[in-house]
Amino acid sequence: MALSCARGLGAATAEAQFVARLTASAAAGDLLSGAALHARFAKAHVPPTTFLANHLLLFYSRLALPVLTRRLFDEVPQPNVFSHNALLAAHARDPRLSSELFARIPDPDVVSYNTLLAAFASAGLAEDALRLLSSMRRGGLPVDGFTVSSAVSAVAGIASVAQLHGYAVVSGLDSYVSVRNSLTSGYGKGRLLEEAERVFADTGDSVRNHVSWNCMIAVYGQHGHGRKAMELFQDMARRGFTANACTLASVLSAFATAKDVVAGTGLHCRLIKSKFSRDPHVASGLVDLYAKCGSVQDAWKAFSEVDKPDLVLWNTLISGYSLHEDFSEEALRSFCAMQRAGFCPDDCSFVCVISACSNISSPSQGQQLHCLVIKSNIQSNRISVHNAIITLYSRCGKVAEAKMLFDRMTERNTVSYNSIIAGLAQHGHAAEALKLFEGMLNSEYEPTEITFISVLSACAHTGKVDEGWDYFNSMKQRYDIDPCEEHYSCMIDLLARARKFDEAEELITKMPFSLSPVGWTSLLGACRTHGNMELGARAAKEILHLSPSNASAPVVLSNMYASAGKWEEAAKIRKLMRDQGIRKMPGCSWIELGRTVHIFVSNEVSHPRIKEVYRFLELMSGKMRLAGYVPDVRWALAKDQAEEGEVRLRHHSEKLAVAFGLMNTKEGEPILVMKNLRICGDCHNAIKIISAITHREITVRDAHRFHCFSDGSCSCGDYW
């Protein structure tokens, strides 16, 4: 475009040509062409006008380039409301900054309000959206279909959707298909399936568009109705609508929610033939489907078929890996590969990779991710990222850091409280966890099912039976939350730990559903602790009936018999396991030092420095005896409970890992050891004494909780 060479044309014609080509570049997302037009316009030395500047602003705004848009806005000679709206649209991803820019508009119009409403909707800021809508109506500005659609999107999932629906009907704005589509989605997110179906049905064939069908298919996906989603998809095709990437992704989402991998695989075959499987949006649905159905390798194959994966597809892959502990390392590697491919991680990227890092409980990786979050200056959805970091620190044994981050958060939500309460409960800080819960009840945040699981767990690990019953009963009476199987399991665990076995059995009989293997396992663990052989045998039998391949139940029962000296019964259980092909998970402990993970098993022989570890433990055992340590040979599970038993105890994996950590860290430095099974009673007593002798803080995370040893005591108060 050479405005300098267009002197034969009138100024209006030249401007029209410039605007037309600039608009075409924006529609095609062609930054290079648009920038070239801008450069040639600047070189032509044509006197700038607000009209031309506004279209340049609109170009950079539509390409989501807020920095360039702001720089150009500052050069506009006389910015008008159009100029302000273009700047506002460029910053729509940051609702806080959008609000500030909106406040600077001298006389905002309907477009200004709608743009800010859309920003609030994308961030899920329902209250801000409703306040803005009220302000708009008080100001006498006309409300259009886009206004109502944005407001409904912002409040989707809450009661206000019905109110906005009523307003749309009264004002006649429900005739807009965009309003009906947003109402369908809004009701769906609020778990109001019948209302969503009614709005979709009332829309009518003559009014529906692609978005209408996609919204309803997505709603079925949210509710796990894969078959209905597929039927609607087929009906859509019969009525002449061609499926696009959004449609197919919605159908795949429905299959993923229903975990229907058979139907999903069938659709995948059809997609391969149509080459839709190479579309990043569709591929995200495939990756999500396979990951949620446990086919992680197939998820990777679906990802690898896309030539140019986008950020959403990368995030879906990382999220899929994070769902499976065995693939957590792959999630971290994919996160790094995504950055090498030129993508900057967003809030979703961080939440997914932090979740994966939580699975492997790596303090060093967690700290690096936290630093990267700070450097990235995530603006949107910062609360979710901080919540994920709180969970990460809690699982890495750094509950003090988790609490510090929680205290510093300027914005919190229910998940924030759930995360820190769960972390404190796992670390034995039950009093602080329950205090935070009481503070939550006195605030604007309502507890959820997850909140009560953490609270009841805190009560179980501290023997607060009366408090546990109060919280359990308040779920239905005060908060209208029906206790699920996990809540009952927590209560059974609480009662059994407190030796109230009769009450625990009575609660099992009164449950509205059968107890799962998790609940029976909690009961079995308490039976072993308190030596209740009869109930323990019954619990083990129930576990094997519900989960025949479960190795933990016969192992615990065999250990119970061995601890009581009933070797014949123990041998029978072991033989039963061999006959049925049930294999015991080998116990192991590990410690991360210098970003290297060192793994130990009982009676370890393969570690290159194991001889040094054994010598260290021999020296330490002498100091421990002087401090009053007496080996509890019942945990050795050996017939010869003298010398052989003591040697077995000394070489338990958690002791080896602790010894290795003490040998290879500075004096006074805390150490963290992970264990895949429950810590044994003798190791628990031994590490308490070791912490006093070495003046170290030693944290051991076993399969159930954290044990923080310091100065000869444990955070669990020996109630575990």
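Residues numbered from 1 in each chain as written. Predicted model: local features only at pLDDT ≥ 70, side-chain atom pairs only at ≥ 80, totals over all residues. Heavy atoms only, no water.

Looking at an unreviewed UniProt entry, one finds the protein named DYW domain-containing protein, with Panicum miliaceum as its source organism.

Draft legend 1. Region of interest: the packing of helix 28 (residues 465-479) against helix 29 (residues 485-497). One way to put it is that helix 28 packs onto helix 29 with a least axis distance of 10 Å and a crossing angle of 165 degrees. Of the possible angle classes, the one that applies to helix 28 and helix 29 is roughly antiparallel. At the point where helix 28 passes helix 29, the crossing takes the left-handed sense. Residues V465, G468, W469, F472 and M475 of helix 28 pack against H487, Y488, M491, L494 and L495 of helix 29. Along the lines of polarity and charge, the residues of the contact of helix 28 with helix 29 split into eight nonpolar, two polar and no charged. (Axes fitted to C-alpha atoms, helices over the stretch in contact; angles between N-to-C directions. Helix = DSSP H or I, 4+ residues; strand = E, 2+ residues; numbered from the N terminus. Parallel < 35°, antiparallel > 145°, perpendicular 65-115°, else oblique. Left-handed = near helix turned anticlockwise from the far one by under 90°. Contact = heavy atoms within 4.5 Å. Nonpolar A, V, L, I, M, F, W, Y, C, P; charged D, E, K, R; others polar.)

Draft legend 2. Local environment of the nonpolar core. By size, the foremost hydrophobic cluster in this structure holds 137 residues, and its most contacted members are I354, I421 and L523. Dropping the residues within four chain positions of it, L523 is found in contact with I492, A496, F501, A504, I508, L535 and A539. Core analysis: the next-biggest nonpolar cluster, separate from the first, contains 32 residues, L22, A26, A53 and A154 among them. (Core = buried A, V, L, I, M, F, W, Y, C linked by side-chain atoms within 4.5 Å. Buried < 20%, exposed > 50% of the residue type's maximum accessible area, 1.4 Å probe, protein only.)

Draft legend 3. Representation of the packing of helix 26 (residues 430-441) against helix 27 (residues 449-460) in the model. Between helix 26 and helix 27, the least distance of the axes is 9 Å, while the angle of their chain directions is 145 degrees. Here helix 26 and helix 27 pass one another in a crossing that is left-handed. Contacts between helix 26 and helix 27 involve A430, L434, F437 and M440 from the former and T451, F452, V455, A458 and C459 from the latter. Residues that form the contact of helix 26 with helix 27 fall into these classes: eight nonpolar, one polar and no charged.

Draft legend 4. Highlighting the pairing of strand 5 (residues 706-710). Where burial is concerned, most of strand 5 is hidden: four out of the five residues are buried. Judged from the four bridges that link them, strand 4 (residues 698-701) and strand 5 form a sheet pairing that is antiparallel. Of the residues in strand 5, the one forming a bridge with I698 is F709. (Pairing = 2+ DSSP bridges.)

Draft legend 5. The UniProt feature "repeat: PPR" (unreviewed entry) in the protein, seen in detail. The sites that UniProt annotates as "repeat: PPR" (unreviewed entry) are residues 109-143, 209-243, 310-345, 382-412, 413-447 and 448-478. Each end of residues 382-412 is marked by a C-alpha atom, and these two atoms are 10 Å apart; helix forms 77% of the span and strand 0%. Between the C-alpha atoms that bound residues 413-447 there is a distance of 10 Å. The span itself is 71% helix and 0% strand. (UniProt positions renumbered as here; feature names shortened; annotations may be inferred.)

Draft legend 6. Seen up close, the environment of G525. Take G525: it is sitting in helix 31 (residues 517-530). The exposure class assigned to G525 is buried, which follows from its relative accessible area of 19%. Separated by 35 residues in the primary sequence, G525 and M560 place their C-alpha atoms 9.8 Å from one another.

Draft legend 7. The arrangement of helix 28 in detail. The first and last C-alpha atoms of helix 28 sit 20 Å apart over 15 residues, in line with the 21 Å expected at 1.5 Å per residue. Of all the bends found along helix 28, the most pronounced is centred on N473 and spans about 35 degrees. Among all positions in helix 28, only V465, G468, Y471, F472, S474, M475 and Y479 are buried. Those residues of helix 28 that are buried lie in contact with helix 26, helix 27 and helix 29. (Expected span 1.5 Å × (residues − 1). Bend = angle between axes of the 7 residues up to and from the residue.)

Draft legend 8. Just the sheet that holds strand 1 (residues 588-593), in detail. Taken together, six strands build an open sheet; the order of strands is 2-1-3-4-5-6 and the sheet is mixed. The sheet is open, and its two borders are formed by strand 2 (596-601) and strand 6 (713-714), each paired with just one other strand. Sheet topology places strand 5 next to strand 6; two bridges connect them, and they run antiparallel. The residue of strand 6 that forms the bridge with S710 is S713. Of the strands in this sheet, strand 1, strand 2, strand 3 (671-675) and strand 4 are in contact with helix 37 (residues 653-663), which crosses strand 1 at around 15 degrees.

Draft legend 9. Structural view of the pairing of strand 4. Of the two faces of strand 4, the one lined by I698 and V700 and the one lined by T699 and R701 are each fully buried. Linking strand 4 back to strand 5 in an antiparallel pair, the connection comprises four residues.

Draft legend 10. Highlighting the packing of aromatic side chains. Inspection of the entire model under this criterion finds 17 aromatic pairs. Summarising the aromatic geometry, the rings of F59 and Y60 are spaced 5.1 Å apart at their centres and angled 65 degrees between planes, so their arrangement reads as edge-to-face. Y60 sits in the buried class, given a relative accessible area of 7%. These aromatic residues form a ring-pair network of at least three members: F437, F452, Y471 and Y479. The lysine or arginine in question, R208, covers the ring of F200, its NZ or CZ lying 4.0 Å from the ring centre. (Phe/Tyr/Trp six-rings, centres within 6.5 Å; stacked < 30°, edge-to-face > 60°. Lys NZ or Arg CZ within 6 Å of the ring centre and 35° of its normal.)

Draft legend 11. Geometry of the side chain of S489. Among the structural elements, S489 can be located in helix 29. A relative accessible area of 5% means that S489 is categorised as buried. Reaching out from S489, the side chain makes a polar contact with the side chain of E485 at a distance of 2.7 Å. (Polar contact = N/O pair within 3.5 Å; in protein donor to acceptor, adjacent residues only side chain to side chain.)

Draft legend 12. Fine view of helix 37. Along helix 37, 10 of the 11 residues are buried, which leaves the element largely enclosed by surrounding structure. When we look at burial in helix 37, the residues that qualify are S653, E654, K655, L656, A657, V658, A659, F660, G661 and L662.

Draft legend 13. Spotlight on the confidence of the model for the protein. In the predicted model, the protein carries a mean pLDDT of 86, and the fraction of residues at 70 or more is 95%. The low-confidence segment residues 1-9 (pLDDT under 50) makes 13 contacts with residues lying over four places distant or belonging to another chain. (pLDDT = per-residue confidence, 0-100.)

Draft legend 14. Representation of the state of the cysteines in the model. Scanning all chains against the criterion turns up zero disulfides. This cysteine, C459, is not joined by any disulfide, and C490 carries the nearest cysteine sulfur, 9.6 Å off. Summary of cysteine pairing: C714 is not part of a disulfide, and the nearest cysteine sulfur, belonging to C716, is at 3.4 Å. Taking relative accessible area as the criterion, C714 reaches 10% and is therefore assigned buried. (Disulfide = S-S within 2.5 Å.)

Draft legend 15. Quick peek at the pattern of salt bridges. Evaluated as defined, the whole model comprises 23 salt bridges. A salt bridge links D288 to K292; the shortest N-O distance between them is 3.4 Å. Pair noted here: D288 and K292 are both in helix 17 (residues 280-292), with a separation of four residues, about one helical turn. Judged by relative accessible area, which is 35%, K292 ranks as partly exposed. The salt bridge involving E505 is made with R538; its shortest N-O contact spans 2.8 Å. Of this pair, E505 sits in helix 30 (residues 501-510) while R538 is found in helix 32 (residues 533-546), placing the two residues 33 residues apart along the sequence. When its relative accessible area of 27% is taken as the criterion, E505 is described as partly exposed. For R538, a relative accessible area of 34% translates into the label partly exposed. Each of D205, R208, D235, R238 and R239 takes part in one network of salt bridges that share partners. (Salt bridge = Lys/Arg side-chain N within 4 Å of Asp/Glu carboxyl O.)

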